[in-house]
Structure formats: C-alpha cells, structure tokens
Amino acid sequence: MAAPRRKKPPLHLSDLTLAQRRERAQELGLPAFRADQISRQWFGRLVDDPAGWTDVPEAMRARLADQLTPALLTLVRSQEADKGLTVKSLWRLFDGALVESVLMRYPADGRSRARNTVCISSQAGCGMNCPFCATGQAGLTRNMSTAEIVEQVMAAARSLARGEVVGGPGRVGNIVFMGMGEPMANYDAVVGALHRLTSQAPEGPGISARSITVSTVGLVPRIEQLAAEGLPVTLAVSLHAPDDELRDTLVPINTRWKVREVLDAAFGYARVTRRRVSIEYALIRDVNDQAARADLLGKLLKGRLVHVNLIPLNPTPGSQWTASRRKDEQEFVRRLQNHGVAVTVRDTRGSDIDGACGQLAASDEGMES
Ligand code: SAH
C-alpha cells in the first residue's frame with residue numbers, strides 16, 4: 001500500500017510562525033501586516049471564511065486564502081454519541097488519506113468545571129501494530145503535516161465557538177494526541193503543532209501546554225528529546241504490561257525499548273518537566289489484568305511522579321479480546337493503591353460510535369455517505 005507520494009500537503013498558516021507568514025505575504029507581493037490580520041481572524045476570532053475578513057480589502061481575500069489557508073481537512077462525515085456530547089469527525093486529507101478526531105464535552109458537575117477535550121490524530125494510520133488497537137491493524141498511510149494536525153483543533157474550536165455542538169458555545173480546553181498514529185514517530189510535525197497550539201493569538205490559539213497530552217508507545221529517544229523542548233505538555237506512556245514478555249506481544253516496539261527503559265524515560269520526563277506522567281494501561285480480560293501484574297506495576301511505579309490511567313479495553317472488530325471483569329478491574333485498582341500509586345479508570349466516551357480510545361480506524365465506508 002505504501003505507494004510513493006510525491007506531493008506534500010499544501011502549506012498553511014498553521015505550518016508557519018508569525019514571522020514566516022509575514023515573509024510569505026511579502027513573497028506574494030503583499031504587505032507583511034496582512035499576515036497578522038488573517039492570523040488574527042484565523043486564531044483569534046476563529047473566522048475561516050475569507051468573506052468575514054473585513055479588515056482585508058475584498059480583492060485581496062481570495063488570494064490570501066488560496067495561498068495561506070487552503071482547505072486541508074474535508075469533512076467526510078461526523079457521528080454523535082453520548083447525547084451529542086461526543087462528536088467523531090472523519091476527515092479526508094488533500095491526497096485522499098483519512099483521519100479521525102473526536103470532540104468530547106464534559107458538562108460541569110459538583111467536582112469540576114465544564115471542559116471540552118479534542119482527541120486528535122498525528123498520522124493517517126499507524127505503524128506500531130499493537131494487536132488490540134483498531135488503528136494499528138491497517139498500518140501506516142503517512143505522517144500528517146503540522147497544519148493538518150493543528151487544523152483538527154481549529155475545526156473543533158470553530159464549531160464550539162459557533163454553538164454547533166450540543167451543550168452551547170464553548171472553547172477547546174484540553175487536547176490529547178490519542179487519535180490515530182504514533183506522535184513520536186512523526187516528531188517534527190508534532191512538535192511544530194505543539195508550538196503552534198500553545199502560541200497566543202495571532203500566532204496560534206493559545207492553548208496552555210499543561211492542557212495538552214501527548215501519548216506514546218514509548219519511543220525512548222523521542223521522549224528524551226521532547227523533555228528537552230521546554231514545552232511542559234503532559235506525557236502519557238502506553239504501557240499495558242509491566243513485564244517484557246507480555247509487553248513484547250501487546251506493544252511490539254517493546255522488542256526495541258524495554259519496559260525498564262520506557263519507564264526510565266518517563267521518570268526522566270517527569271523530573272525535567274515536573275509534570276506528572278500518565279501511564280496508560282488498557283485492561284484486557286485474562287491477558288494483562290492479573291493481581292500479580294498489578295503488584296509488579298505497583299512496585300515499578302511506587303514513589304514516582306506518575307498516575308495510572310486504566311482503560312477498559314474497547315474491543316475492536318474481530319478481536320477475541322475484551323474488557324476485564326469488574327471485580328478484576330477493582331482488584332487491580334486496589335493493589336495499585338496499596339503501593340501508593342495514583343490510579344483512575346477512564347470512562348469510555350464514544351465507544352458506541354467507535355470513537356473511543358483505540359477504535360479510530362478510518363475506513364472506506366466513510367467515503368460513501
Ligand atoms: N500511538 C499512541 C497514541 C494513540 S492511542 C499510543 O499508543 O500511546 C491512545 C491510547 O489508546 C493508547 O494508550 C492506546 O494504547 C490506547 N488504546 C489503543 N487501542 C485500545 C483499545 N482497543 N482499547 C482501549 N485502549 C486502547
């Protein structure tokens with residue numbers, strides 16, 4: 001399937017720093033401040049339609065839009081779950097590659113304020129081949145560009161701002177790189193996206209690095225590199241097993257970087273950034289949910305700046321695996337807590353529309369509607 005792709009995604013505002021956008025405007029024979037104007041429209045006012053760029057002369061708008069805001073993501077379809085509070089979008093990229101993103105709204109309750117989380121993709125497909133993950137089954141199509149990554153967030157930001165999503169107008173609060181793809185295998189584009197997303201308007205949407213989570217299978221050199229970027233994003237490490245024998249099968253890249261190395265990199269990340277690292281663990285019935293594994297995990301993580309996120313497995317089509325029994329899940333939680341390890345069980349938003357963790361697998365079916 002890996003046909004050579006000659007063309008790169010068109011260059012977009014979101015690929016560029018503000019300084020680069022000014023240069024680009026000048027290359028087009030326009031004054032540099034035009035780049036500031038459309039940047040303010042795009043990231044500050046969330047106006048993507050050039051007709052609304054009223055501070056730019058009408059005659060100039062189409063040309064600027066053509067050159068700086070080409071359509072990168074075309075909506076193929078969107079699906080709702082959880083009474084409309086979860087929205088999964090399937091996007092077609094310029095070359096026909098498909099990716100998905102998921103918007104999840106959490107209304108205010110007694111404990112926390114309302115928040116909106118966008119789960120985004122960093123690659124079309126994924127090359128990591130984890131057997132329990134839907135995306136892994138189809139392999140990698142290609143890396144996404146910085147702007148293709150960023151624009152998933154901007155699309156969600158616009159539809160929230162316009163009040164198009166159940167729950168009334170809102171803003172993007174959190175971003176999680178837990179959609180399709182392995183972010184650390186597309187490092188430069190992902191770090192570019194992190195810079196853009198955390199820049200204040202007019203350079204970017206000004207989302208706090210602390211509200212962004214990058215999830216990885218554990219590409220150790222890249223975790224170390226990310227720690228040195230000076231971007232205090234939250235790191236999530238998909239561990240899924242505390243022992244190499246099992247992890248070799250669940251997360252095949254473990255044959256390259258072992259549990260010990262991955263955890264050391266995670267602890268190093270926590271030390272450098274002072275950010276608590278999230279350890280992701282999908283509980284799979286009778287595969288990785290035994291009490292002995294909970295104890296081993298507890299021992300490995302005891303006293304570290306980490307938090308365990310247990311994810312009830314979302315079964316993927318054709319898989320013989322399923323989520324753990326309730327009592328095994330509870331016992332797993334209890335044993336981790338006995339080691340003094342912080343642990344939560346993640347809710348499975350959007351599982352009925354295959355929008356939950358690990359279920360994103362854009363298929364050709366999506367092209368029909
Ligand atoms: N490639 C990155 C990010 C994408 S997946 C990573 O692996 O971390 C985001 C999270 O969903 C990961 O922790 C992944 O292991 C988990 N996941 C994948 N498939 C799943 C499934 N079927 N059920 C529950 N979680 C799953």
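Here's what I pulled together on the structure shown here. Keep in mind the model is a prediction, meaning the values are calculated, not measured.

1. Structural notes on the state of the cysteines
Stage number 1. Enumeration over the complete set of coordinates arrives at zero disulfides.
Stage number 2. Sulfur of C126: no disulfide; nearest cysteine sulfur belongs to C133 and is 6.5 Å away.
Stage number 3. Given a relative accessible area of 9%, C126 falls into the buried group.
Stage number 4. The closest cysteine sulfur to the non-disulfide-bonded C130 is located on C133, 6.3 Å from its own sulfur.

2. Remarks on the site of the ligand
Stage number 1. With respect to spatial proximity, 20 residues lie near the ligand, and among them F132, S215, S238, H240 and N314 are the closest.
Stage number 2. S215 has a polar side-chain atom sitting 2.6 Å from an oxygen atom of the ligand.
Stage number 3. In this structure, T216 approaches the ligand through a main-chain N or O atom, which is 3.3 Å from an oxygen atom.
Stage number 4. Burial of the ligand by the protein amounts to 97% of the accessible area it has alone, namely 530 Å².
Stage number 5. Its residues placed into classes, the shell around the ligand shows nine nonpolar, nine polar and two charged.

3. A few points about the packing of aromatic side chains
Stage number 1. Overall, the coordinates contain one aromatic pair when judged by the stated rule.
Stage number 2. The interplanar angle of 45° and the centroid separation of 5.0 Å between the aromatic rings of Y281 and F332 together place this pair among those described as tilted. Residue Y281 is located in strand 10 (residues 277-283), and its partner F332 is located in helix 11 (residues 326-338); the two are separated by 51 residues in the primary sequence. Each member of the pair, Y281 as well as F332, is classed as buried.
Stage number 3. Directly above the ring of Y106 sits R115, whose terminal nitrogen or CZ lies 4.4 Å from the centroid.
Stage number 4. Over the face of the ring belonging to W42 we find R158, whose NZ or CZ atom lies 5.2 Å from the ring centre.

4. Here we look at the sheet that holds strand 12 (residues 342-345)
Stage number 1. Within the open sheet, the ten strands sit side by side as 1-2-3-4-7-8-9-10-11-12. Their pairing is mixed. Only two strands of the sheet have a single partner each, and these edge strands are strand 1 (74-81) and strand 12. When the angles between neighbouring strand axes are averaged without regard to direction, this sheet yields 20°.
Stage number 2. Where strand 9 (residues 234-238) lies against strand 10, three bridges are found, and the strand directions are parallel. Across the sheet, A236 pairs through a bridge with S278, a residue of strand 10.

Procedures and definitions
- Residues numbered from 1 in each chain as written.
- Predicted model: local features only at pLDDT ≥ 70, side-chain atom pairs only at ≥ 80, totals over all residues.
- Heavy atoms only, no water.
- Disulfide = S-S within 2.5 Å.
- Buried < 20%, exposed > 50% of the residue type's maximum accessible area, 1.4 Å probe, protein only.
- Near = heavy atom within 4 Å.
- Polar contact = N/O pair within 3.5 Å; in protein donor to acceptor, adjacent residues only side chain to side chain.
- Areas by Shrake-Rupley, 256 points an atom, 1.4 Å probe, with all protein chains shown as cover.
- Nonpolar A, V, L, I, M, F, W, Y, C, P; charged D, E, K, R; others polar.
- Phe/Tyr/Trp six-rings, centres within 6.5 Å; stacked < 30°, edge-to-face > 60°.
- Helix = DSSP H or I, 4+ residues; strand = E, 2+ residues; numbered from the N terminus.
- Lys NZ or Arg CZ within 6 Å of the ring centre and 35° of its normal.
- Pairing = 2+ DSSP bridges.
- Axes fitted to C-alpha atoms, helices over the stretch in contact; angles between N-to-C directions.

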